[in-house]
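Survey of secondary and tertiary structure
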Amino acid sequence: MNELDLEKLKYPIGKFIAPDKFSAEYISGKIKEIETFSERLAKETSHLTDEQLDTPYRPGGWTVRQVIHHCAESHMHCYIRLKWALTENNPVIKPYDEVLWSDLNDNLTMPIQPTLELLKGLHFRLAFIMKNLSESDLEKTFVHPADNSENKLKKIIGMYAWHGNHHLAHITTLKNYKNWK
């Protein structure tokens, strides 16, 4: 496999690019993607066998099972970061090592159904909060200590919509390649 093919498998929808302008249409569209993510993920994965769930989406990549559990963990962090930004002045968030988390026993062996249920409730809550953000709320920030960057909530909405779509594309690309129905 050449480097270009591997890059396409890593980023099947491309890397996240924040828009120059965060229009109301952009924000509402991304919130809709967040709101529907759990349903779209369940539709693509709830019928998969354990063998399929334990298949990596690319050479050296996570299994489908790990991707599903990672989405829940990452999006729980999104929820907490959102709440911190709404209740504290530019808080410094706590990062986590997603690679180490993905190698824990629950991510490697746990059934996906409890995680799909968690995502259903979590994404309902995320969309509910996001739909009710004011213009000033969208400008609120938190700091990620890895690069000391300030992250506005309006950017985070786009980034987490992309994140869900990115990992969903990992799964659908693998399913198409393997001809899984």
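Let me sum up the structure you'll find in this document.

**Some thoughts on the overall build of the protein**
Helix and strand counts for the protein come out as nine helices and two strands. Ordered by position from N to C terminus, the α and β elements of the protein give α-α-α-α-α-α-α-α-β-β-α. Taken over C-alpha atoms, the radius of gyration comes to 17 Å for the protein, in line with the 16 Å a tight globule of 181 residues would show. For the protein, the spread of C-alpha atoms along the three principal axes comes to 45 × 35 × 30 Å. Taken over 181 residues, the protein has a buried fraction of 44%. Taking the intrachain contacts of the protein between residues at least 6 apart in sequence as the baseline, contacts between residues at least 24 apart amount to 76%. Working note: accessible area of the protein is about 10,100 Å², and carbon and sulfur atoms make up 55% of it. Here the protein contributes 23 positively and 24 negatively charged side chains, and the mean placements of these two sets differ by 4 Å.

**What to know about the nonpolar core**
Membership of the largest hydrophobic core comes to 40 residues, with the highest contact counts inside it found for Leu41, Ile68, Leu126, Met130 and Ile157. Secondary-structure elements contributing two or more residues to this core are helix H2 (24-45), helix H4 (64-87), helix H7 (113-131) and helix H9 (153-178). If you tally residues by element for this core, the top one is H4, at nine residues. Once you skip the residues sitting within four places of it in the chain, isoleucine 68 turns out to touch Leu41, Thr45, Leu53, Ile112, Thr115, Leu116, Leu119 and Ile171.

**Side note on the environment of glutamate 150**
Residue placement: glutamate 150 occurs in strand S2 (residues 149-152). Spatially, the C-alpha atom of glutamate 150 lies 7.8 Å from that of asparagine 90, the residues being 60 residues apart in sequence. If near-sequence neighbours (up to four positions away) are discounted, glutamate 150 is found in contact with Asn90, Thr141, Phe142 and Val143. At 2.9 Å, the side chain of glutamate 150 and the side chain of asparagine 90 are in polar contact.

**Observations regarding the packing of aromatic side chains**
Geometrically, a pair of aromatic rings is defined through the distance of the ring centres and the angle of the planes. Summed over the entire model, instances satisfying the criterion amount to four aromatic pairs. Judged by centre distance (6.4 Å) and plane angle (55°), the ring pair of phenylalanine 16 and tryptophan 162 falls under tilted. Within this pair, whereas phenylalanine 16 is found in the loop between helix H1 (3-10) and H2, its partner tryptophan 162 is found in helix H9, the two being separated by 146 residues in sequence. A relative accessible area of 17% places tryptophan 162 in the buried class. Ring centres of phenylalanine 22 and tyrosine 26 lie 5.7 Å apart, and the angle between their planes is 75°; this geometry places the pair in the edge-to-face category. What makes phenylalanine 22 partly exposed here is its relative accessible area of 23%.

**Some details on the pattern of salt bridges**
All told, the structure shown has ten salt bridges when counted by the stated rule. Ionic pairing is found between glutamate 7 and lysine 15, a salt bridge with its closest N-O pair at 3.8 Å. Note on lysine 15: relative accessible area 51%, which makes it exposed. Each of the salt bridges in this network shares a partner with another, and the network as a whole consists of Lys32, Glu35 and Lys131.

**Observations concerning the side chain of threonine 45**
With respect to the helices and strands, threonine 45 occurs in helix H2. Threonine 45 sits in the buried class, given a relative accessible area of 0%. When sequence neighbours within four positions are dropped, the list of residues in contact with threonine 45 reads Leu53, Val64, Ile68, Ile112, Leu116 and Ile171.

**Some points on a nonpolar patch on the surface**
A cluster of nonpolar side chains, Leu100, Trp101 and Leu104, forms an exposed patch at the surface whose accessible area comes to about 300 Å². Considering the arrangement of structural elements, one finds tryptophan 101 in helix H5 (residues 98-102). What makes tryptophan 101 partly exposed here is its relative accessible area of 32%.

What counts and how
Residues numbered from 1 in each chain as written. Predicted model: local features only at pLDDT ≥ 70, side-chain atom pairs only at ≥ 80, totals over all residues. Heavy atoms only, no water. Helix = DSSP H or I, 4+ residues; strand = E, 2+ residues; numbered from the N terminus. Rg over C-alpha atoms; globule rule 2.2 N^0.38 Å. Buried < 20%, exposed > 50% of the residue type's maximum accessible area, 1.4 Å probe, protein only. Contact = heavy atoms within 4.5 Å. Areas by Shrake-Rupley, 256 points an atom, 1.4 Å probe, with all protein chains shown as cover. Lys, Arg positive; Asp, Glu negative; His and termini not counted. Charge placed at Lys NZ, Arg CZ, Asp CG, Glu CD. Core = buried A, V, L, I, M, F, W, Y, C linked by side-chain atoms within 4.5 Å. Polar contact = N/O pair within 3.5 Å; in protein donor to acceptor, adjacent residues only side chain to side chain. Phe/Tyr/Trp six-rings, centres within 6.5 Å; stacked < 30°, edge-to-face > 60°. Salt bridge = Lys/Arg side-chain N within 4 Å of Asp/Glu carboxyl O. Patch = residues over 30% accessible without salt bridge, like charges linked within 9 Å, V, L, I, M, F, W, Y side chains within 5 Å.

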